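A closer look at the structure
Chain residues, written in single-letter form:
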Amino acid sequence: MTKLSGSLQRRLAAAWLLAVLLLAAHNAWLWLGQRASPDTDILALLPASRNDAVLQQAFAHMVDSAQQKVVVLVGDRDWERATQAADAYLAALQPQAALIAPMAGNAAQLQEQWLAVFGNSRSLLLSGAQRAQLLSSAPEYWSQQSLAGMYGAFGGPKLGAWQDDPFGLFAGWVQERARETPVRPRDGRLFVERDGTSYVLLLLELKAPAFSMQVQRQVVPLLAQARQAALAQAKEVITGGVVLHAAAAGEQASSEMATIGAGSLAGILLLMWLTFRSLKPILYIGASIAVGCLGALSACMLLFGHVHLLTLVFGASLIGIAQDYGIYFLCARLGTADTVSSPQLFRQLLPGLGLMLLAAAIGYLGMAATPFPGLRQMAVFSALGLVFAWITVACWFPQLVGPHSLRATPAAQAFGRSIDAWPDFLGKQAWHLILPAVVAIAGLCIAGIVHLQVSDDIRALQKTSQVLLDDQIKIGKLLDMAAPVQFYLVRGGSAEEVLQKEEQLAQRLQPLVDAGVISGIQAVSNWVPSQAAQRGNLALVQQALLEARNGQPAALAQVASAIDETPQWVQGMRDRILDKGRTLAPEAFLASPAGEATRHLWLGKVDDSGSASIVALRGLADYRQLDKLAAVAANVPGVQWVDKVADISSVLKYYRQYMGWALLAAYAAIFALLSLRYRRHAWRALAPPLVASFITLGLFGWLGQPLQLFHVLAGLLVLGLGVDYGIFLLEPSRHARRYAWLTVGLSAVSALLSFGLLALSASPPLHAFGLTMLCGMLLVWLLAPCFTHPGIASTNPDAKDCA
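Let me begin by describing the structure that accompanies this report. Computed from a predicted model, the values in this text were never measured in an experiment. (Residues numbered from 1 in each chain as written. Predicted model: local features only at pLDDT ≥ 70, side-chain atom pairs only at ≥ 80, totals over all residues. Heavy atoms only, no water.)

At their nearest, the axes of helix α24 (residues 644-678) and helix α26 (residues 709-730) sit 8 Å apart, and the two run at 10° to each other. The orientation of α24 with respect to α26, classified from their angle, is roughly parallel. In this structure, α24 contributes Leu-652, Tyr-655, Arg-656, Met-659, Gly-660, Leu-663, Ala-666, Tyr-667, Ile-670, Leu-674 and Tyr-678 to the contact, and α26 contributes Leu-709, Val-712, Leu-713, Gly-715, Leu-716, Leu-719, Val-723, Ile-727 and Leu-730. A class-by-class count of the residues in the contact of α24 with α26 yields 17 nonpolar, 2 polar and 1 charged. (Axes fitted to C-alpha atoms, helices over the stretch in contact; angles between N-to-C directions. Helix = DSSP H or I, 4+ residues; strand = E, 2+ residues; numbered from the N terminus. Parallel < 35°, antiparallel > 145°, perpendicular 65-115°, else oblique. Contact = heavy atoms within 4.5 Å. Nonpolar A, V, L, I, M, F, W, Y, C, P; charged D, E, K, R; others polar.)

Structure representation (structure tokens):
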């Protein structure tokens, strides 16, 4: 039977070697073919809007419209120097035109293309002020306006021949629309001016995905080179774009991944050398970790089709966990008699190893239960990585590690004996001595928890380079850009109904514009009024300008009389004005160059129930006024106020509470699992992580560290890993407990190295996660012997003294 079992184990080891070779080949195919290029889109980590596909589509429209663009402002007090610097900037980009190129050509040509879509609809386009003026002013006022425009006395813009716009209505409407942006054409360029400085506006478009790390590595140095070329002639260059923020986050994450992974691996290798003074255990542990990482990456690519960079950063800490199984086997081998073969030893350790894997998996399954795609991927990566590492230990270690192949160093033996001197906190004689300290610590922890604050604000989880943030803020102010995360979502049964609701919303918002809460709105209806409004505008033009009013000749007739024109001329001009009254549809406008800047606001037909659009806000600076803006939506049917920051923060709050209950459920599930093996002593394995979590929460309260979702998620891993230490110490016999304590020490120091480095991450979510793990795991390490003291008889009914 033993021979048969040994033959089976050898076949399993060979089969696993074949599987590992396939994993290595798959990873080589992924990396060499650049198919595993990590995703750096931070929004990919966030949950989709719950039960509202239209809202999610609206937010995606707002985000997607900006992610492929780069905005550059080249400024100087001297216009000539600013234009020369802008030319130098574009010249530096020219060799890489296939990667990034200007969006707009000559501003004059662009203006002609821009106006073309309105050519046959000029008589339908009126501003609010023009409608009021047409209703209130007499025909003589308009005839004088027309004559002033004809003879050049009118100082407004002239767009085309006088005959195309005799009363200047279209020119006035265009001027009104131009107030939506401070950008103006000058010498064939777009520019904006502020405080005496003229800024040439360069709109650049990426030809490749902004979140590709390969693209970022090419674009960012190119933009830096172009910036230096421009600064040689101009005083200021301001650059903004998603690709810059993504590249900064990617560079930071890559650096942290290398630091955390290398630091953790170096720490583990040093520990193994100090413990065994041999390269073999180091190679064995390294093999299990490598297989875990290879398997996790392959599985994630097959399941998700991509891997996020933060998944790799988080997965770097997997090194500190995956080695537990190998360390447990190696230390058990040290504490087991040479007459017991390694396959026999593995069968004795299998229940404990299985419980360890299940406990860790329960912790990661809690993360996988969240709606955050990034967290699910991290959980899958880590859980499967542990499974692959566990299988490696199970298949290879019994074949590779023989009874005589290992010996502990004097330092390792001394550490193992240190558990004999550990105070017996559960002993009756010591209890009255430590009771005051326990009461004092419990009181301090309760007081800290009472003072513990909660923060679910998504902004607390973001950390952007201050230079990039300052540039983005300055660009937003100079260009009066709309906020991408606060807007109105307008829905209706048809495109016409949506436009009408936009117009109603604009009227409701006008008092807030007048009060300076916002400077204005961006909406498709600003450019394409509803058909009802267009018909009303044409009727008003006919009534006010082409027909007699109150016994007075029509304004057009008065103009004809003033310039000695015939009735036939009047009829011709009337027909010409009415011919410019063809209905303008939103689809035609959005397909034209004029609609490019507004295209992202129109969702069009979204489902069987109708259409939708977005109304964006300009000049929102005081976020304390958001309640006033939200209240407006309640008064317009079909209009929904969207504050994506508040929405995501509410999701974070919901899942923080949800995961808190899941953590309690995980404690109950693991307790039931442990009770099957350890019966009435199961609580001893569970007490260390429970008490450590309690003390950590109290510590955070005293330090002013606000509680958030990622602290709770870390609590799941404190449970999953902390219970391992209890299993280590409860599982062996009395003599072998010294080597179990050595296992706990090696595992704890490795985990502290991994998560201690994670706590140094500049990414707030990873920092919060790592800080919780650092405090929690250190406390678990110190507390574990208190509940599993060597004076306690072996709680494992199957354990035998193998020493």
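From this point on, the discussion continues.
There is a patch of nonpolar side chains on the surface, built from Leu-270, Trp-273, Leu-274, Leu-279 and Leu-283 and spanning about 520 Å² of accessible area. When contributions to the nonpolar patch are tallied by element, the ones reaching two or more residues are α9 (242-276) and α10 (279-304). By residue number, the principal contributor to the nonpolar patch is α9, which donates 3 residues. With respect to the helices, strands and loops of the structure, Leu-279 is situated in helix α10. (Patch = residues over 30% accessible without salt bridge, like charges linked within 9 Å, V, L, I, M, F, W, Y side chains within 5 Å. Areas by Shrake-Rupley, 256 points an atom, 1.4 Å probe, with all protein chains shown as cover. Salt bridge = Lys/Arg side-chain N within 4 Å of Asp/Glu carboxyl O.)

Its boundaries defined by the atoms lining it, the second largest pocket holds a volume of some 850 Å³. Lining the second largest pocket are 27 residues; nearest its centre among them are Gly-128, Arg-177, Ala-506, Gln-510 and Asn-526. Elements with a minimum of two residues in the lining of the second largest pocket: α5 (128-136), α7 (169-178), α18 (495-514), β8 (520-522) and α19 (531-546). Among the elements that make up the lining of the second largest pocket, the one with the highest residue count is α18 (8 residues). (1 Å grid on protein atoms, 1.4 Å probe; cavity = no way out; pocket = protein on both sides within 12 Å on 5 of 7 lines; lining within 4 Å. Points joined across faces, edges and corners; volume = space filled by probe spheres on them.)

Attention now moves to the pattern of salt bridges. Opposite charge on two side chains allows them to pair when their charged atoms are near. Scanning the model with the defined rule gives 9 salt bridges in all. With a closest N to O distance of 3.8 Å, Glu-205 and Lys-207 form a salt bridge. A relative accessible area of 31% places Glu-205 in the partly exposed class. The exposure class assigned to Lys-207 is partly exposed, which follows from its relative accessible area of 48%. (Buried < 20%, exposed > 50% of the residue type's maximum accessible area, 1.4 Å probe, protein only.)

On to the environment of Pro-403. Within the secondary structure, Pro-403 sits in the loop between α14 (373-400) and α15 (410-417). Residues Pro-403 and Val-340, 63 residues apart in the sequence, show an inter-C-alpha distance of 7.4 Å. Beyond its immediate sequence surroundings of up to four residues, Pro-403 is in contact with Arg-333, Asp-338, Val-340 and Ser-342.

Once that is clear, we can look at empty space enclosed by the protein. Scanning the model with the defined rule gives 3 cavities of 30 Å³ or more in all. In this model, the largest cavity occupies a volume close to 120 Å³. Lining the largest cavity, in full, are Arg-122, Ser-123, Asp-164, Asp-165, Pro-166, Phe-167, Leu-169, Phe-170, Val-541, Leu-545, Ile-577 and Lys-580. At the level of secondary structure, the elements contributing two or more residues to the lining of the largest cavity comprise α7 and α19. Quantified by volume, the second largest cavity comes out at close to 40 Å³. Lining the second largest cavity, in full, are Ser-455, Asp-456, Asp-457, Ala-460, Leu-461, Leu-652, Gln-708, Leu-709 and Phe-710. Grouping the amino acids of the lining of the second largest cavity by side-chain chemistry returns 5 nonpolar, 2 polar and 2 charged.

This part takes up the packing of helix α20 (residues 555-562) against helix α21 (residues 567-579). Their axes nearest at 10 Å, the elements α20 and α21 cross at an angle of 135°. Viewed along their axes, α20 and α21 adopt a mutual orientation that is oblique. Once α20 is placed against α21, the crossing between them reads as right-handed. Packed against α20, whose contacting residues are Leu-556, Val-559 and Ala-560, the element α21 presents Trp-569, Val-570, Met-573 and Arg-574 at the interface. Looking at the contact of α20 with α21, its residues break down into 6 nonpolar, no polar and 1 charged. (Left-handed = near helix turned anticlockwise from the far one by under 90°.)

Most of strand β1 (residues 69-76) is tucked away, with 7 of its 8 residues classed as buried. Across 8 bridges, β1 lies against strand β5 (residues 197-206) in antiparallel orientation. Bridge pairing in β5 places Val-74 opposite Val-200. Two elements, β1 and strand β6 (residues 236-241), share 6 bridges in a ladder whose sense is antiparallel. The partner of Val-74 across the bridge, within β6, is Val-237. (Pairing = 2+ DSSP bridges.)

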